[in-house]
Amino acid sequence: MSKNQPTFGEKAIFHTQFFFRKFPALPYIAKWLCISIIIGALVGTASAGFLQSMEWVTNYRENHLWLIALLPVAGFLIGLLYYYWGKDVEAGNNLLIDNIHDPKGIIPFKMAPFVYLGTIATHFFGGSAGREGTALQMAGAIADQLTKPFRLDRNERKILIIAAIAAGFGSVFGTPLAGAVFGLEVFLIGRIRYNAIFPAFASAILADWATNLWNVKHTHYHIDFIPKLEFLPILYSILAGVAFGICAAAFSRIIHWAGSIFKSKIKYPPLRPVAGGVIIALAVFAMGTTRYIGLGVPIIVESFQKQLPLYDFILKMIFTIITLSAGFKGGEVTPLFFIGATLGSALSLFIPLPFGLLAGMGFVAVFAGATNTPLACMLMGIELFGAESGVYVAIACVVSYLLSGHNSIYTRQKIGEAKNKRYESQEDRSISDFL
């Protein structure tokens, strides 16, 4: 063989380099697929454990209602935990969003056990909260520990946290497509970060798969009748979307206002959930019902089966706002599902659409308006209720998103694309600037 002829190894290197030049996305896909597999396995397992824990504490509380009297004590312990050892993770979901906009130090791993314990205690003793916030914070804290082992740079770390949010959301609700888009959509209103699209979808799908491998079951919802697409049903859907958008804006505004009241009136943070716990416990015993505490999933299911009264969504809103603004832990999203579904069911008193369809529309549309994530909510509606409801769900989500204005349950969201000309000069500002 001539000395000038390339060796087998040199040929292999040449062909490999040529292959990667021809398909430049392959190294990116290989790297993020590896990371997404780890995120999916860890976050999916964490979500499975969390969902099982939530089911157990909910059932135990409902069979031992005297525990609700201890809600102020639980609130005090949660307050102490975060005041003395958790100030750096107290911002919760807003800390995740801040690190997407401007990555700084690695998110402390303690965020995961702290929010898990806080949420379990909140539900065990009768607070009204959700689970999305906990799932997202657990996912973010777990995934961010991969930054150093994989030597991720600043921009790659942004993608990592987006993928973690997608995995947490997709696995806790059993909606991987909605989870992926939620991760891409939630931090910047009106824009999507497409360089994170593969990690977000891969992580959400794998995390949901991992959760299912643990035999964790998600709640199924069914809409009995969906009318044919015609002018009047579409018009009614727009009117319903207006109501959902106003509800979403009201919830976002009031929960931030209530939080500021607790902070201004009670200077020592651990005492704030004590006050909130006293209010919630007294209200539950005075009303003689646990209908408006916890996740409220049975009531959400009920809203698809019959027409509910108007006061259901109002009372759930009050219980949730007091619980979360006082400092208890948990998410806002499942309560928003409750509020939207029961509002939609009640709207069938005035809007001639099937109450099941209106419940489904409200389920996702109030959430869309309160989080400024209409695309994720459309996909969620399709994943949960079927493609037949897609157009009605989309109309409600878009109208709610537009009508809710620049309000959000997440104060660190930034305006990427203003909803109307009035706010064009406010782009790149945070929601907190408008509160």
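Whatever comes next refers back to the structure up there.
Criteria and thresholds
- Residues numbered from 1 in each chain as written.
- Predicted model: local features only at pLDDT ≥ 70, side-chain atom pairs only at ≥ 80, totals over all residues.
- Heavy atoms only, no water.
- Phe/Tyr/Trp six-rings, centres within 6.5 Å; stacked < 30°, edge-to-face > 60°.
- Helix = DSSP H or I, 4+ residues; strand = E, 2+ residues; numbered from the N terminus.
- Buried < 20%, exposed > 50% of the residue type's maximum accessible area, 1.4 Å probe, protein only.
- Lys NZ or Arg CZ within 6 Å of the ring centre and 35° of its normal.
- Contact = heavy atoms within 4.5 Å.
- Polar contact = N/O pair within 3.5 Å; in protein donor to acceptor, adjacent residues only side chain to side chain.
- Axes fitted to C-alpha atoms, helices over the stretch in contact; angles between N-to-C directions.
- Left-handed = near helix turned anticlockwise from the far one by under 90°.
- Nonpolar A, V, L, I, M, F, W, Y, C, P; charged D, E, K, R; others polar.
- Expected span 1.5 Å × (residues − 1).
- Patch = residues over 30% accessible without salt bridge, like charges linked within 9 Å, V, L, I, M, F, W, Y side chains within 5 Å.
- Areas by Shrake-Rupley, 256 points an atom, 1.4 Å probe, with all protein chains shown as cover.
- Salt bridge = Lys/Arg side-chain N within 4 Å of Asp/Glu carboxyl O.
- Core = buried A, V, L, I, M, F, W, Y, C linked by side-chain atoms within 4.5 Å.
- Parallel < 35°, antiparallel > 145°, perpendicular 65-115°, else oblique.

A few points about the packing of aromatic side chains
Enumeration over the complete set of coordinates arrives at 24 aromatic pairs. Between W56 and F124 the ring centres are 6.1 Å apart and the planes differ by 5°, which places this aromatic pair in the stacked class. Remark: F124 occurs in helix α5 (residues 111-124) and W56 occurs in helix α2 (residues 25-63); sequence separation between them is 68 residues. According to the relative accessible area criterion, F124 is buried, its value standing at 17%. Arranged with centres 5.4 Å apart and planes meeting at 85°, the rings of F337 and F367 form a pair that is edge-to-face. Taken as a pair, F337 in helix α14 (residues 333-347) and F367 in helix α15 (residues 355-371) lie far apart in primary sequence, 30 residues in all. Residue classification places F337 among the buried residues on the basis of a relative accessible area of 2%. Counting every residue linked through ring pairs, the aromatic cluster contains F169, F173, F182, Y221, F304, F337, F363, F367 and F385. Between K87 and the ring centre of Y83, over which it is positioned, the NZ or CZ distance is 4.3 Å. Above the ring of F338, the side-chain terminus of K316 is found at 5.1 Å from the ring centroid.

Considerations on unusual backbone geometry
At R151, a residue that is not glycine, the phi angle is positive and equals roughly 50°. Structurally, the position occupied by R151 is in the loop between α6 (132-143) and α7 (154-173). A positive phi angle, close to 60°, is found at N215, a residue other than glycine. Following the sequence through the fold, N215 ends up in the loop between α9 (197-213) and α10 (231-265).

A short note on the environment of W214
Looking at the element boundaries, W214 is found in the loop between α9 and α10. According to the relative accessible area criterion, W214 is exposed, its value standing at 51%. Residues W214 and A48, spaced 166 residues apart in sequence, show a C-alpha to C-alpha distance of 6.5 Å. When residues no more than four places from it in sequence are discounted, the contact partners of W214 are T45, A48 and Q52. Within the structure, the side chain of W214 is placed 3.2 Å from the side chain of T45, a separation counted as a polar contact.

Notes on the packing of α10 against helix α13 (residues 311-325)
Where α10 meets α13, the axes come as close as 9 Å, and the angle between the chain directions of the two elements is 35°. Viewed along their axes, α10 and α13 form a crossing whose handedness is right-handed. Here α10 contributes C247, F251, I254, I255, A258, G259 and F262 to the contact with α13, which in turn contributes F313, M317, T320, I321, I322, L324 and S325. For the contact of α10 with α13, the per-class residue count stands at 11 nonpolar, three polar and no charged.

Some remarks on helix α3 (residues 71-85)
The terminal C-alpha atoms of α3 lie 21 Å apart, and with 15 residues this matches the ideal 21 Å at 1.5 Å per residue to within 8%. Looking only at α3, the buried set comprises L71, P72, A74, G75, I78, G79, L80 and Y82. Looking at the packing, one finds that the buried side of α3 touches α5 and α11 (272-287).

Examining a nonpolar patch on the surface
Taken together, the side chains of L26, Y28, I29, L33 and I37 make up a nonpolar region of the molecular surface, amounting to roughly 370 Å² of accessible area. Structurally, I37 is set in helix α2.

A closer look at the nonpolar core
Within soluble globular proteins, side chains that are nonpolar generally end up buried alongside one another. Counting residues in hydrophobic clusters, the biggest one holds 128 residues, and the most contacted among them are I39, F182, F244, F363, F367, M380 and F385. The element best represented in this core is α7, accounting for 12 residues. Counting six residues, the second-largest nonpolar core is a separate cluster that includes I189, I415, I431 and F434.

A look at the pattern of salt bridges
Under the definition given, this model contains 11 salt bridges. Salt-bridge contacts for R61 lead to E62; the nearest nitrogen and oxygen are separated by 3.0 Å. In this structure, the salt-bridge partner of E417 is R191, at a minimum N-O distance of 3.9 Å. Within this pair, whereas E417 is found in the segment after β2 (414-415), its partner R191 is found in the loop between β1 (188-189) and α9, the two being separated by 226 residues in sequence. When its relative accessible area of 36% is taken as the criterion, R191 is described as partly exposed.

Let's talk about the packing of α3 against α11
Interaxial distance between α3 and α11 falls to 7 Å at its minimum, and their mutual angle equals 160°. Relative to α11, the element α3 lies roughly antiparallel. In the crossing of α3 with α11, the sense of the turn from one axis to the other is right-handed. Two secondary-structure elements touch here, α3 through L71, P72, G75, F76 and G79 and α11 through P273, V274, G277, V278 and I280. For the contact of α3 with α11, the class distribution of residues is seven nonpolar, three polar and no charged.

Remarks on the side chain of T175
As for its placement among the helices and strands, T175 is situated in the loop between α7 and α8 (176-185). Relative accessible area serves as the criterion here: at 1%, T175 is assigned to the buried category. If we ignore the near neighbours within four places in the chain, the residues touching T175 are F169, G170, M380, E383 and L384.

Description of the environment of I78
Tracing the chain through its elements places I78 in helix α3. By relative accessible area, I78 is classed as buried at 5%. Once the C-alpha coordinates of I78 and L117 are considered, the two residues, 39 residues apart in sequence, prove to be 8.4 Å apart. If sequence neighbours within four positions are ignored, I78 has contacts with G118, A121, T122, G327, F328 and K329.

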